[in-house]
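Listed below are the residues making up each chain.
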Amino acid sequence: MPYVRRQFAAVTAALAMSVTSGAVVSPAFADPRVIDKTATATGYGGAVSTVDPEASAAAIEVLREGGNAADAAVAAAATLGVTEPYSAGIGGGGYFVFYDAKTGEVSTIDGRETAPAAMPRDAFIDPSTITPEKPAGSPYSFAALVSSGVSVGVPGTPATWERALERWGTLSLGEALEPAIEVADRGFVVDETFRQQTLDNAVRFSAFTSTSSLFLPGGDAPAVGSVFRNDDLAQTYGLLAKEGTQGFYGGPLAAEIAATVQAPPKDPTWTPPVSQPPFPPLPVPPGYMTTADLAAYRALDQAPTHVEYRGLDVYGMAPSSSGGTTVGEALNILEPFNLSEMRNPDGTNPEALHHYLEASALAFADRAKYVGDPAFVDVPTAALTDPVFGKERACQLNPTVAALKPVPAGNVASYDGACPAAAAALTDEKDTENISTTNLTVADKWGNVVEYTLTIEQTGGSGIVVPDRGFLLNNELTDFSTVYDPTDPNRLEPGKRPRSSMSPTIILKEGEPFLALGSPGGSTIITTVLQTILNRVDLGMSIPAALAAPRAAQRNTVNVTAEPEFITAYGDQLAPYGHKLVPAGDAFTSAAEIGAATAIEFGPGKRMVAAAEPARRGGGSAMVVRPSP
Ligand code: GLU
């Protein structure tokens, strides 16, 4: 029996006697495998943090059996595709960052989805809005675009797994998929988060026959405590195990993916519910993806971004993600300020938080102006991560007053660290990115580290399951600007990767891993990673406390988005600076949370502290190979 599979075989055999068919079984027949969930784990020999105990258990099993961090990360990611199917899976994309203990180098893989080659620049414009008075027309509503074929990008996740294993792994793709196949086969216990996410998406899921039959069996979201199986996904993973990614990017599955994007399987009896604002008719236009797009997809090897902060080396994801440049620039802006000394006698630190919010706004201004897919746009990555540029941008940070937002971008073409005259504020722009996605952190006993963020964009992606294949397609192309503007680096173009905010980050101290972290959360990914680094490095919190602390996100908008706990704790203290805090949350989610981070801190010695969320998204799961106090 190959490698990992035997770990799970007994459980599967027991389950096979009680479950014969159907996606959901009653608790009475449930698999007894309920894994304890803890948010912090300390010890040796390898560690993992994810949002889900099945995924963390998969990684730990691989590590225990002698696999390395890359193997375990793929195993965990594939398992998340089963247990967190609304956040990530083979229908989406992501960014994989690897610290190689042998060479001491950090490398990355860009597995971002791409726009199909035949996708026109005006694909998001509703033709019915084009009139002689307004020949450019208007885009479809965002709510309509999220559940459409036109927003589906060519998936990058299978290629990312294959490339990561090729470069750094010891397992074949098939071996790394075994734990996930096992979980898809025998099922997992539905928790509150899974049920709630299903309910949040129930209306649009019910518009697609393939999606309602998988995720709304009997017309309802699976009950908490029931066991959810995904035989179709087990089969699809089995196909990948047998044929490699050729079985995904070519052959019948590729043809089915393209056909699904071009003609989403809409339920002919579906009608939009009466709601205010009106629920859009679904699906909005079909997409342009062909089998040639799938065959042409490549995950790209990429150099990481790098900045130094307080003597630490911070490595992040270069464009097409804006994560590395934006986190890096904000750190460079903050470097001249001594945040750790900005503490009131009562232990509060509104001044440090003010600096965090302002630095973030400045970095977001440059993100908007300069960052897009470097294959299409000349992205000034070196300038954006240059400490001299950061120092110059820091001139715009008034230590006692919040700037009017949005603040203008800096000038990457000419800077010398001296303070330029302040430019006028711009008009406010709405940030339309949603909160979804998942993140994982893995380390092995050799000292290799993986930080990996993967997504299908919106929670529930496009809402479209490839019929009988068990996975949702992404709606990542909604990360492009919806209206074509030739000056916008994130304008939609065929073959291009939409700008991401994913920020998987690995921080070294004197050449050794110190901290690895990342988060989901759309553009709040950047602020969550930044705030967590500041909490840990400047404000002296332990890594579990840094993760648990309430969050706020200033993305160069008039208001600061914040968790209710943040508003309660700091609202009054930040008001005198001029910060306006509004609760996080949007029309698509029922939670007012920001992010769902994971992290591992290293040292002293070979000790590892794996940290997951204690509460957000129902709490995450941290594990180590050999626990120790
Ligand atoms: N599409 C987002 C990005 O790439 C991630 C999705 C999310 O976390 O909401 O930045």
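The structure displayed is predicted, hence computed values, not measured ones.

Participant: Please explain the overall build of the protein as it appears in this structure.
Facilitator: Summing up its helical and strand segments, the protein has 20 helices and 21 strands in all. Overall, the C-alpha framework of the protein stretches about 70 × 70 × 45 Å when taken along its three principal axes. Of the contacts formed within the protein by residues at least 6 apart in sequence, a portion of 74% connects residues at least 24 apart. Looking at the protein as shown, the accessible area adds up to about 22100 Å², and 55% of this sits on carbon and sulfur atoms. The protein carries 42 positive and 69 negative side-chain charges, and their two centres are separated by 2 Å.

Participant: Mind showing me how you'd approach the environment of V82 here?
Facilitator: The topology assignment puts V82 in helix α3 (residues 69-83). In the structure, V82 is positioned 151 residues away from L233 in sequence and 7.5 Å away in space, judged by C-alpha atoms. Every residue in contact with V82, bar those within four places of it in the chain, is listed here: A180, V183, A184, F188, L233 and Y237.

Participant: Please explain the packing of helix α14 (residues 323-334) against helix α17 (residues 387-394) as it appears in this structure.
Facilitator: For any two helices packed against each other, the geometry comes down to the angle between their axes and how far apart the axes lie. It is the contact of α14 with α17, at a shortest axis distance of 7 Å, that shows an interaxial angle of 65°. For α14 against α17, the interelement crossing comes out right-handed. On α17, the residues touching E329, N332 and I333 of α14 are P387, F389, G390, K391, R393 and A394. Of the residues contributing to the contact of α14 with α17, the split by class is 4 nonpolar, 2 polar and 3 charged.

Participant: So what exactly am I meant to see when it comes to the pattern of salt bridges here?
Facilitator: Close approach of charged atoms lets side chains of opposite charge pair. Tallied over the full model, the rule gives 22 salt bridges. Here R497 makes a salt bridge to D110, at a shortest N to O gap of 2.8 Å. Of this pair, R497 sits in the loop between β13 (449-455) and β14 (505-509) while D110 sits in strand β4 (residues 105-111); the two residues are 387 residues apart in sequence, bridging distant segments of the chain. Overall, the relative accessible area of 6% leaves R497 in the buried class. Residue E613 is joined to R551 by a salt bridge in which the shortest nitrogen-to-oxygen separation is 2.9 Å. Of this pair, E613 sits in the loop between β20 (608-612) and β21 (621-627) while R551 sits in the loop between α19 (543-548) and β16 (552-553), placing them 62 residues apart in sequence. Both residues of the pair, E613 and R551, belong to the buried class. Bridged by salt links that share partners, the residues R121, R491, E493 and K496 form one connected network.

Participant: Is there a simple way to explain the pairing of β14 in this structure?
Facilitator: In the case of a regular strand, side chains alternate between the two sheet surfaces. Counting buried positions along β14 gives 4 out of 5 residues, so the element sits mostly inside the fold. With 3 bridges connecting them, strand β11 (residues 312-316) and β14 associate as antiparallel partners. Bridge pairing links V314 to I507 in β14. Here β14 runs beside strand β15 (residues 512-518); their pairing, made up of 5 bridges, is antiparallel. Counted as the bridge partner of I506 is A516 from β15. Counting the residues between successive antiparallel strands, the hairpin from β14 to β15 contains 2 residues, one of them, E510, with a positive phi of roughly 50°.

Participant: Got a minute to help me understand the nonpolar core in this structure?
Facilitator: Counting residues in each nonpolar core, the largest one holds 77 residues, and the members touching the most others are W161, Y237 and I257. Considering every element that reaches this core, the biggest residue donor is α3, with 11 residues. For Y237, the residues in contact, after removing those within four places along its chain, are A78, G81, V82, I90, W161, L177, A180 and I181. Counting 72 residues, the second-largest nonpolar core is a separate cluster that includes Y95, L353, F566 and A599.

Participant: Even after reading the chapter, I still don't get the side chain of N448, so can you show me in this structure?
Facilitator: By the element assignment, N448 lies in the loop between β12 (438-444) and β13. A polar atom in the side chain of N448 sits 2.9 Å from the side chain of D444.

Participant: Quick question: what am I supposed to make of helix α10 (residues 231-243) here?
Facilitator: Residues spaced three or four apart along an α-helix face the same direction, because each turn holds 3.6 residues. Counted at 1.5 Å a residue, the expected span for α10 with its 13 residues is 18 Å, and the 18 Å between its end C-alpha atoms agrees. Three or more residues of α10 are buried, namely L233, A234, T236, Y237 and L240. For α10, the angular spread of buried residues about the axis comes to 165°, placing them on one side. Looking at α10, the residues exposed on the side facing more than 90 degrees away from the buried face are Q235 and K242. Lining the buried residues of α10 we find α3, α5 (157-168), α6 (173-186), α11 (246-249) and α12 (251-262). Immediately downstream of α10, the backbone of G244 shows phi near 70°, a positive value.

Participant: I keep staring at the state of the cysteines and nothing clicks. Help me out?
Facilitator: Linking two cysteines covalently via their sulfur atoms produces the bond known as a disulfide. In the structure shown here, the tally under the stated rule is 1 disulfide. Covalently, C395 is tied to C419 through a disulfide, its sulfur atoms 1.9 Å apart. Classification of the bridge connecting C395 and C419 rests on its S-S torsion, roughly -80°, and on that basis the disulfide is left-handed. Of the two residues, C395 is situated in the loop between α17 and β12 and C419 in the loop between α17 and β12; the sequence distance between them amounts to 24 residues. Classification of C419 by relative accessible area gives exposed; the value is 57%.

Participant: Would you mind showing me how to read the environment of V154 here?
Facilitator: For V154, the location among the structural elements is in the loop between α4 (142-145) and α5. Take V154: its relative accessible area is 1%, and that puts it in the buried class. Spatially, the C-alpha atoms of V154 and Y249 are 9.4 Å apart, while their sequence positions differ by 95 residues.

Participant: When you look at the packing of aromatic side chains in this model, what are you seeing that I'm missing?
Facilitator: Working definition: an aromatic ring pair is given by the centre-to-centre distance plus the angle between the planes. Across all of its chains, the model carries 18 aromatic pairs by this definition. Consider the rings of F215 and F228, whose centres lie 5.8 Å apart with planes at 15°: the pair is stacked. Here F215, found in helix α9 (residues 209-215), pairs with F228, found in strand β8 (residues 227-228); they are 13 residues apart in sequence, far enough to count as distant. Both rings, one in W270 and one in F279, keep their centres 6.1 Å apart while their planes meet at 65°; by these two values the pair is edge-to-face. According to the relative accessible area criterion, W270 is buried, its value standing at 10%. Given a relative accessible area of 24%, F279 falls into the partly exposed group. Put simply, the rings of Y86, F188, F194, F205, F215 and F228 pair up and form one aromatic cluster.

Participant: Would you mind showing me how to read the confidence of the model for the protein here?
Facilitator: Reading predicted coordinates in detail is not appropriate for stretches of low pLDDT. Confidence along the protein averages 92 in pLDDT terms, with 92% of residues attaining 70 or more. Below a pLDDT of 50 lies the segment residues 1-32, which in the model reaches 61 contacts outside its immediate sequence neighbourhood of four places, other chains included.

Participant: Would you mind going over the sheet that holds strand β17 (residues 560-562) with me for this structure?
Facilitator: Hydrogen bonds between backbone atoms are what pair the strands of a sheet, whose relative direction is either parallel or antiparallel. One open sheet holds the 3 strands; their spatial order is β16-β17-β18, and the pairing between them is mixed. The open sheet is flanked by β16 and β18 (581-583), the only strands paired with a single partner. The sheet contact formed by β16 and β17 spans 2 bridges and is antiparallel. Within β17, the residue paired with A552 across the bridge is A562.

Basis of the calculations
- Residues numbered from 1 in each chain as written.
- Predicted model: local features only at pLDDT ≥ 70, side-chain atom pairs only at ≥ 80, totals over all residues.
- Heavy atoms only, no water.
- Helix = DSSP H or I, 4+ residues; strand = E, 2+ residues; numbered from the N terminus.
- Contact = heavy atoms within 4.5 Å.
- Areas by Shrake-Rupley, 256 points an atom, 1.4 Å probe, with all protein chains shown as cover.
- Lys, Arg positive; Asp, Glu negative; His and termini not counted.
- Charge placed at Lys NZ, Arg CZ, Asp CG, Glu CD.
- Axes fitted to C-alpha atoms, helices over the stretch in contact; angles between N-to-C directions.
- Left-handed = near helix turned anticlockwise from the far one by under 90°.
- Nonpolar A, V, L, I, M, F, W, Y, C, P; charged D, E, K, R; others polar.
- Salt bridge = Lys/Arg side-chain N within 4 Å of Asp/Glu carboxyl O.
- Buried < 20%, exposed > 50% of the residue type's maximum accessible area, 1.4 Å probe, protein only.
- Pairing = 2+ DSSP bridges.
- Core = buried A, V, L, I, M, F, W, Y, C linked by side-chain atoms within 4.5 Å.
- Polar contact = N/O pair within 3.5 Å; in protein donor to acceptor, adjacent residues only side chain to side chain.
- Expected span 1.5 Å × (residues − 1).
- Arc of directions from axis to C-beta.
- Disulfide = S-S within 2.5 Å.
- Phe/Tyr/Trp six-rings, centres within 6.5 Å; stacked < 30°, edge-to-face > 60°.
- pLDDT = per-residue confidence, 0-100.

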